[in-house]
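Examination of the molecular architecture
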There are 2 protein chains.
Amino acid sequence: MAHQQAHDEKLDALLAAAARVFAQRGYHETSMRDLARESGVSLSGLYYYVKSKDELLFLIQDRNFAAVLASMEEATAGVENPVERLARFVDNHLDYFASHMAEMKVLSHESGALTGDFLTRVNAKKRDYTRALMDILADVERTHGPAHVNRRIATYALFGMMNWIYNWYDPLGDLSVEVLGQSMCRLFLGGYVGMPVSDAVLPHLTAG
Amino acid sequence: MAHQQAHDEKLDALLAAAARVFAQRGYHETSMRDLARESGVSLSGLYYYVKSKDELLFLIQDRNFAAVLASMEEATAGVENPVERLARFVDNHLDYFASHMAEMKVLSHESGALTGDFLTRVNAKKRDYTRALMDILADVERTHGPAHVNRRIATYALFGMMNWIYNWYDPLGDLSVEVLGQSMCRLFLGGYVGMPVSDAVLPHLTAG
DNA sequence: GTTCACGCCGAACGCTCGTTCGACACCCTC
DNA sequence: GAGGGTGTCGAACGAGCGTTCGGCGTGAAC
């Protein structure tokens, strides 16, 4: 139905605008009046698309988490080599991050702003995503010798270096997201299992 | 003068209580009434110690940044070996972080909430601190072979894995801050200059 | 015994917040 | 052309916000 599609498109645009403002000013500092002004809709008009400000934040977080999860599963599907699986995970994460900077900043920075059912549902996705990386690390250990550091610490350290980029990285600057991904893979793998990554051991990074 | 000292002590207690609440609820979600309730002072009584809510946040950030900066300078003073300097930097950072979890979460999470002069002053300290780590990395490169990744990326990656801990680390859990520091040093050095850190190359970590 | 700064407070001000409500124009269906 | 769902709006509500102000008790200074 055309109605439904137009409705969804407008909601998407609204969420995108909201994410932009949330990323810039922060969730709690942003008023519904700000969002109305920025998205070209009246204050009360917002409530036709969204039940509350909370739900707005939830929709941004839930949709983007779902997208990065799906994208990650597609990127790693069928890849047998654990190191390459890891590289694809990292690449996918940074790639999505860089091309949805505002949304991902909201995801990383405002994760504590949700409550109740909304929080539970987003946390479930977060748990799945974290688990996926941890499983890859377990595979890497199996094939590339013992880990030099605790797996849980390694997992969160890797997420830390990736997610922190919203504090400093400029997608339009001179550092490409490919270099970023390759760098973090090297940094991580070299320390985690002592892998010498100075040479081209990550073929897919150059192959596209 | 005894008056001044008592005043300062009360201000310190107030800042500590405020940092605790800010860390839990966030800066903007916390009202001055919340702080009054939590610190046992009346709402208007707060304004005897502090000019505004903004200044309260600034004082928390500025004082703790100054403390971690001074502590870092003391920890690295006189240490010649670049790798050990790096290890001490990391240890100091994580140590201060773990023992001032609330304050450091405020520092990491609410860095964008300041404006104007307050922002400028905190950013200056942040720049100094970042520069200090970058200089250590330059020394490490000089003595331990060429870097495998861009120095700027490496710097922020290391800060990322360290600062991210406020999202997952429990100082009272079974992971000690010593293990945390050692792990992140290994992780970083192994990937940055290909240093094999599986054996005890970081003497001070076990020596205290 | 008066003075005065200090530490602290209750009450209030003006403002902004998220949300609701009733209404209006539009367009498709019959 | 009547009816009803869809999309949008201005105006208003009650609540909570950061901040201010006048005043009160206390203890040291003279």
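Each chain carries its own residue numbering, running from 1 in the direction its sequence is written. Working convention: letters from A go to chains and numbers from 1 go to ligands, in the order in which they are written. The predicted origin of the model limits local features to residues at a pLDDT of at least 70 and limits the giving and counting of side-chain atom pairs to 80 or more, whereas totals for whole chains, interfaces and linings rest on all residues.

**A few points about the overall build of chain A**
Where helices and strands are cited, they refer to DSSP runs of H or I of at least four residues and of E of at least two residues respectively, numbered from the N terminus. Secondary structure assignment for chain A yields ten helices and zero strands. Listed by position from the N terminus, the elements making up chain A come as α-α-α-α-α-α-α-α-α-α. Overall, the C-alpha framework of chain A stretches about 60 × 35 × 35 Å when taken along its three principal axes. When burial is assessed residue by residue, chain A has 38% of its 208 residues classed as buried. The burial label depends on the number of other C-beta atoms within 10 Å of a residue's C-beta. Counts of 20 or more mean buried, 12 or fewer mean exposed, and intermediate counts mean partly exposed, with C-beta atoms placed from the backbone.

**As for the protein's contact with DNA strand C**
As a rule, any residue with its backbone-derived C-beta atom within 6 Å of a molecule or strand is reported as near that molecule or strand. As a structural note, the neighbourhood of DNA strand C is formed by 19 residues, with A:Ser31, A:Ser52, B:Ser42, B:Ser44 and B:Gly45 the closest of them. Elements supplying a minimum of two residues to the surface near DNA strand C: helix 2 (32–39), helix 3 (43–49) and helix 4 (53–76) of chain A together with helix 1 (2–25) and helix 3 (43–49) of chain B. The residue classification treats Ala, Val, Leu, Ile, Met, Phe, Trp, Tyr, Cys and Pro as nonpolar and Asp, Glu, Lys and Arg as charged. All others, Gly included, are polar. Broken down by class, the residue content of the surface near DNA strand C amounts to seven nonpolar, eight polar and four charged.

**Thoughts on the relation of the copies chain B and chain A**
When chain B is brought onto chain A, the operation consists of a screw motion whose angular component is 180 degrees and whose axial shift is 0.0 Å, with 0.0 Å RMSD remaining. Viewed as a symmetry operation, the transformation between the two copies matches a two-fold axis. What counts as a contact is two residues whose backbone-derived C-beta atoms lie within 7 Å of each other. Of the interface residues in chain B, 100% have counterparts in chain A that sit at the interface too, so the contact is made through matching surfaces. Only residues with pLDDT of at least 70 in both copies contribute their C-alpha atoms to the least-squares superposition of the copies.

**Focus: the protein's contact with DNA strand D**
Lining the immediate environment of DNA strand D, one finds 19 residues, of which A:Ser42, A:Ser44, A:Gly45, B:Ser31 and B:Ser52 sit closest. Contributions of two or more residues to the surface near DNA strand D are made by helix 1 (2–25) and helix 3 of chain A together with helix 2 (32–39), helix 3 and helix 4 (53–76) of chain B. Broken down by class, the residue content of the surface near DNA strand D amounts to seven nonpolar, eight polar and four charged.

**Focus: helix 8 (residues 151–163) of chain B**
Expected span, for any helix, means 1.5 Å times one less than how many residues it has. Compared with an ideal rise of 1.5 Å per residue, which puts 13 residues at 18 Å, helix 8 of chain B spans 18 Å between its outermost C-alpha atoms and is within 8% of the ideal. In terms of burial, helix 8 of chain B is a largely internal element, ten of the 13 residues being buried. By the burial criterion, the buried members of helix 8 of chain B are B:Ile153, B:Ala154, B:Tyr156, B:Ala157, B:Leu158, B:Phe159, B:Gly160, B:Met161, B:Met162 and B:Asn163. Where helix 8 of chain B is buried, its residues touch helix 8 (151–163) and helix 9 (177–192) of chain A together with helix 5 (82–99), helix 6 (101–109), helix 7 (116–143) and helix 9 (177–192) of chain B.

**Quick word on the interface of chain B and chain A**
Between chain B and chain A, the contact holds 33 residues from the first and 33 residues from the second. When contributions to the side of chain B that touches chain A are tallied by element, the ones reaching two or more residues are helix 8 and helix 9 of chain B. The dominant element in the side of chain B that touches chain A, judged by the number of residues it contributes, is helix 9 of chain B, at eleven residues. Of the residues that constitute the side of chain B that touches chain A, the class distribution is 19 nonpolar, twelve polar and two charged.

**A closer look at the domain arrangement of chain A**
Residues and elements named next belong to chain A. These domain boundaries are the output of an automatic or database domain assignment. Entries for chain A in the domain assignment read domain 1 (1–50) and domain 2 (53–207). Domain 1 and domain 2 are separated by 28 Å when their C-alpha centres are compared. With ten residues of domain 1 at the contact, the number on the domain 2 side is twelve residues. Counting residues per element, the side of domain 1 that touches domain 2 draws most heavily on helix 1, at six residues. Per-class residue counts for the side of domain 1 that touches domain 2 are eight nonpolar, one polar and one charged.

**Regarding the packing of helix 7 (residues 116–143) of chain A against helix 8 of chain A**
Residues and elements named next belong to chain A. Close contact between helix 7 and helix 8 brings their axes to 10 Å; oriented N to C, the two are set at 125 degrees. Considered as vectors, helix 7 and helix 8 are oriented oblique to each other. Of the two possible hands of crossing, helix 7 and helix 8 adopt the one that is right-handed. Facing Thr130, Leu133, Met134, Leu137 and Ala138 of helix 7, the residues of helix 8 in contact are Arg151, Ala154, Thr155 and Leu158. Looking at the contact of helix 7 with helix 8 residue by residue, the classes come out as six nonpolar, two polar and one charged. Fitting a line to C-alpha atoms yields each axis, with helices limited to the stretch in contact; the angle taken between N-to-C directions then spans 0 to 180 degrees. In this scheme, roughly parallel covers angles under 35 degrees and roughly antiparallel covers those over 145, while 65 to 115 is roughly perpendicular and the rest are oblique. Left-handed describes a crossing whose near helix is turned anticlockwise from the far helix through less than a right angle; right-handed describes the clockwise counterpart.

**Points about the environment of A:Asp128**
All names here are of chain A. Take Asp128: it is sitting in helix 7. The exposure class of Asp128 is partly exposed, given the 13 C-beta atoms found within 10 Å. Separated by 59 residues in sequence, Asp128 and Leu69 have C-alpha atoms that sit 8.5 Å apart.

**A few points about the confidence of the model for chain A**
Residue and element names in this part refer to chain A. Predictor confidence is given residue by residue as pLDDT, running from a minimum of 0 to a maximum of 100. For chain A, per-residue confidence averages 92 on the pLDDT scale, and residues scoring 70 or more make up 93% of the total. Within chain A, no element has a lower average pLDDT than helix 10 (residues 203–207), which sits at 45, and none a higher one than helix 8, at 98. Taken as a whole, residues 204–208 scores under 50 in pLDDT and shows eight contacts with residues more than four places along the chain or in a different chain.

**Some details on the environment of B:Ser39**
Residues and elements named next belong to chain B. With respect to the element layout, Ser39 can be found in helix 2. By C-beta crowding, Ser39 is classed as buried, having 20 other C-beta atoms within 10 Å. Taking the C-alpha atoms as reference, Ser39 lies 9.2 Å from Leu15; in sequence the two are 24 residues apart. Residues in contact with Ser39, not counting those within four places in the same chain, are Leu14 and Ala17.

**Points about the environment of B:Leu94**
Residue and element names in this part refer to chain B. Among the secondary structure elements, Leu94 is positioned in helix 5. The exposure class of Leu94 is buried, given the 24 C-beta atoms found within 10 Å. Put simply, Leu94 and Gly181 are 87 residues apart on the chain and 6.5 Å apart in space, counted from C-alpha to C-alpha. When residues no more than four places from it in sequence are discounted, the contact partners of Leu94 are Met162, Val177, Leu180 and Gly181.

**Structural notes on helix 5 of chain B**
Helix length check: helix 5 of chain B, at 18 residues, gives a terminal C-alpha distance of 26 Å against a target of 26 Å (1.5 Å per residue), a fit within 8%. In terms of residue burial, helix 5 of chain B counts as a mostly covered element, since 13 of its 18 residues are buried.

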